Structure formats: C-alpha cells, structure tokens
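Coordinate analysis (summary)
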Amino acid sequence: MATEKPIYSHQDDDPHLKDDDLAGKVLRFIRYATFVDTTDISVFALGEMVVLSGQVPSDSDVACAGDAARSVIGVTSVENRLTVKAAQHS
C-alpha cells in the first residue's frame, strides 16, 4: 500500500489554515482538481500567501495550477513561479 498522504483530509475543511498546513492543502487541491503533474511542484505559504515553484510540462499547466491555488479557501494571494520544463531531445 502506498505511504502517500491522502488527497483529501478532514483538516482541509478549515478555512483558517496558515503556513505549512495551508501549503499542504494547496498542493493536495492541485493534485485533486487538475490534471497537472505535481511531482516537481513545491508550495510554500507564509500566512495566507502562497508561492508555487518548480517545473511543469506546459504553459497551460502553469496557469491551471495557479488558478487552482487561488481558488483554495484561505488563500489570499498566489505568487506563481512555476516554469515550463525544457523539452528533452533524444
């Protein structure tokens, strides 16, 4: 059985989460609500402000992850620092 944390947690109902708890909630929501690969995404929260960083496959994934993060209850602002992975040539 996987040791990964569940996608949804009862704690996610709390609209007053901050810092690490909010960052975890945002990352779980991005995984749950989008088709974005979150393997290379990091979420940092300071209070109710969230910073997304890392790499995703496409520009649309950058926008989709940012929109999902903004829609999380308790998030007041999002700084989206996600970048698109460079294409690998074989």
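Predicted model only: the values in this text are computed from it and were never measured.

1. Digging into the sheet that holds strand 3 (residues 77–84)
- Taken in spatial order, the three strands line up as 1-2-3 in an open sheet, and their pairing is mixed. With one partner strand each, in any of the chains shown, strand 1 (41–46) and strand 3 form the two edges of the open sheet. Within this sheet the neighbouring strands show an average axis-to-axis angle of 10 degrees, counted without direction.
- Against the sheet, helix 1 (residues 19–33) engages strand 1 and strand 2 (49–56), with an angle of about 145 degrees to strand 1.

2. So, a negative patch on the surface
- Together, Asp13, Asp14, Asp19, Asp20 and Asp21 line one region of the surface with negative charge.
- Along the polypeptide, Asp13 turns up in the segment before helix 1.
- Among the residues examined, Asp13 registers a relative accessible area of 48% and is labelled partly exposed.

3. Concerning the pairing of strand 3
- By the bridge criterion, eight bridges tie strand 2 to strand 3 in an arrangement that is parallel. Along strand 3, the bridge assignment pairs Leu52 with Asn80.
- The parallel pair strand 2 and strand 3 is bridged by helix 2 (residues 59–70), and the resulting crossover is right-handed.

Rules and cut-offs
Residues numbered from 1 in each chain as written. Predicted model: local features only at pLDDT ≥ 70, side-chain atom pairs only at ≥ 80, totals over all residues. Heavy atoms only, no water. Pairing = 2+ DSSP bridges. Helix = DSSP H or I, 4+ residues; strand = E, 2+ residues; numbered from the N terminus. Axes fitted to C-alpha atoms, helices over the stretch in contact; angles between N-to-C directions. Contact = heavy atoms within 4.5 Å. Patch = residues over 30% accessible without salt bridge, like charges linked within 9 Å, V, L, I, M, F, W, Y side chains within 5 Å. Areas by Shrake-Rupley, 256 points an atom, 1.4 Å probe, with all protein chains shown as cover. Salt bridge = Lys/Arg side-chain N within 4 Å of Asp/Glu carboxyl O. Lys, Arg positive; Asp, Glu negative; His and termini not counted. Charge placed at Lys NZ, Arg CZ, Asp CG, Glu CD. Buried < 20%, exposed > 50% of the residue type's maximum accessible area, 1.4 Å probe, protein only. Right-handed = clockwise from strand over helix to strand, strands pointing away.

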